[in-house]
Amino acid sequence: MAGLEKVRFFAFQQDNKKSKPNEDAYVCYQSEGDYSFVVADGVTRSVYGDPHYPFSARSAAETFCKVTAPALVSGISHYRSFELANNAIAAVNQQAGITPETVDYLNNDYICCKAAAGVLLKECPRRFFYGHIGDCGILVYNGSLMPLFLSENNPLSVLKQ
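Let me begin by describing the structure that accompanies this report. (Residues numbered from 1 in each chain as written. Predicted model: local features only at pLDDT ≥ 70, side-chain atom pairs only at ≥ 80, totals over all residues. Heavy atoms only, no water.)

Regarding the pattern of salt bridges
Evaluation of the coordinates by the stated rule reveals 4 salt bridges. K114 serves as the salt-bridge partner of D41, at 3.7 Å between the closest nitrogen and oxygen. Pair noted here: D41 is in strand β2 (residues 34–42) and K114 is in strand β3 (residues 113–121), with a separation of 73 residues, a long-range link. On the basis of relative accessible area, K114 is assigned to the partly exposed category, the value being 22%. Among the salt bridges present, the one from E123 reaches R127, with a minimum N-O distance of 2.5 Å. Taking relative accessible area as the criterion, E123 reaches 36% and is therefore assigned partly exposed. (Salt bridge = Lys/Arg side-chain N within 4 Å of Asp/Glu carboxyl O. Helix = DSSP H or I, 4+ residues; strand = E, 2+ residues; numbered from the N terminus. Buried < 20%, exposed > 50% of the residue type's maximum accessible area, 1.4 Å probe, protein only.)

Below you can see the structure in the form of C-alpha cells.
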C-alpha cells in the first residue's frame, strides 16, 4: 500500500531525576502493514510507611505494552486489548503476593500503570484509533514533524475512535 514506508517512529525516555526507579515502558509494533504504539507509566507506591519504597511498578508498564501492542495489530479492540493487559497485570500482582485479601491501598498497593495505545491500520483510507487510561496521551506528527493530533487529557474520556 502506498505511503506505508513513510511511517516513522520516534521514541525517547526522559531520565528520572527523582529518587525512584524509572517506571516507563513503550513499544512500537508492526505486523503486515498495521502499526501499534503503546506507552505506559507505572504508578509509584506511596512513600508513607513503606520500608520497600521505592518499589517499582515498571513490571506493570512493561506488561501492558507487551500484551497490548500485538493484540491491537491482530484486530482485537482497544477495550479487549486493555482488558487482556489488565488480566496480565493482575497475574503480576498475584506473583508479588498482592491480592484482594492482602492489598491495603497504601503500603501494599497494587502494581499498576496508566497508559495510551494507538493503532494505525493499513486499509485505505488509513484509520487511526487510540485509547488511554489516566493522564497518558497520543501525539501524531506529519512528515515535517508538525503536530497533527493530540489526544485530550481527560480521564473521563477513556476510549476514542
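Now, onward.
A closer look at the layout of surface pockets
Its boundaries defined by the atoms lining it, the second largest pocket holds a volume of some 280 Å³. In terms of lining, the second largest pocket is formed by 19 residues, of which the most central are A85, N86, I89, A90 and C112. The greatest single-element share of the lining of the second largest pocket, amounting to 8 residues, is contributed by helix α2 (residues 78–95). For the lining of the second largest pocket, the per-class residue count stands at 13 nonpolar, 4 polar and 2 charged. (1 Å grid on protein atoms, 1.4 Å probe; cavity = no way out; pocket = protein on both sides within 12 Å on 5 of 7 lines; lining within 4 Å. Points joined across faces, edges and corners; volume = space filled by probe spheres on them. Nonpolar A, V, L, I, M, F, W, Y, C, P; charged D, E, K, R; others polar.)

What to know about the nonpolar core
If you look at the biggest cluster of nonpolar residues, it comprises 24 residues, and the most contacted ones within it are V38, A40, F64, I111, C113 and V119. Counting only elements with at least two residues in this core, the list comes to β2, α1 (58–73), α2 and β3. Top element by residues in this core is α1. It accounts for 7 residues. For C113, the contacting residues outside a window of four places in its chain are A40, D41, G42, V43, A60, A61, F64 and I89. (Core = buried A, V, L, I, M, F, W, Y, C linked by side-chain atoms within 4.5 Å. Contact = heavy atoms within 4.5 Å.)

As for the pairing of strand β1 (residues 24–31)
In this structure, β1 lies alongside β2, joined through 8 bridges in antiparallel fashion. Residue pairing across strands places Y29 opposite S36, the latter belonging to β2. In this antiparallel pair of consecutive strands, β1 and β2, the connection spans 2 residues, and E32 shows a positive phi of 50°. (Pairing = 2+ DSSP bridges.)

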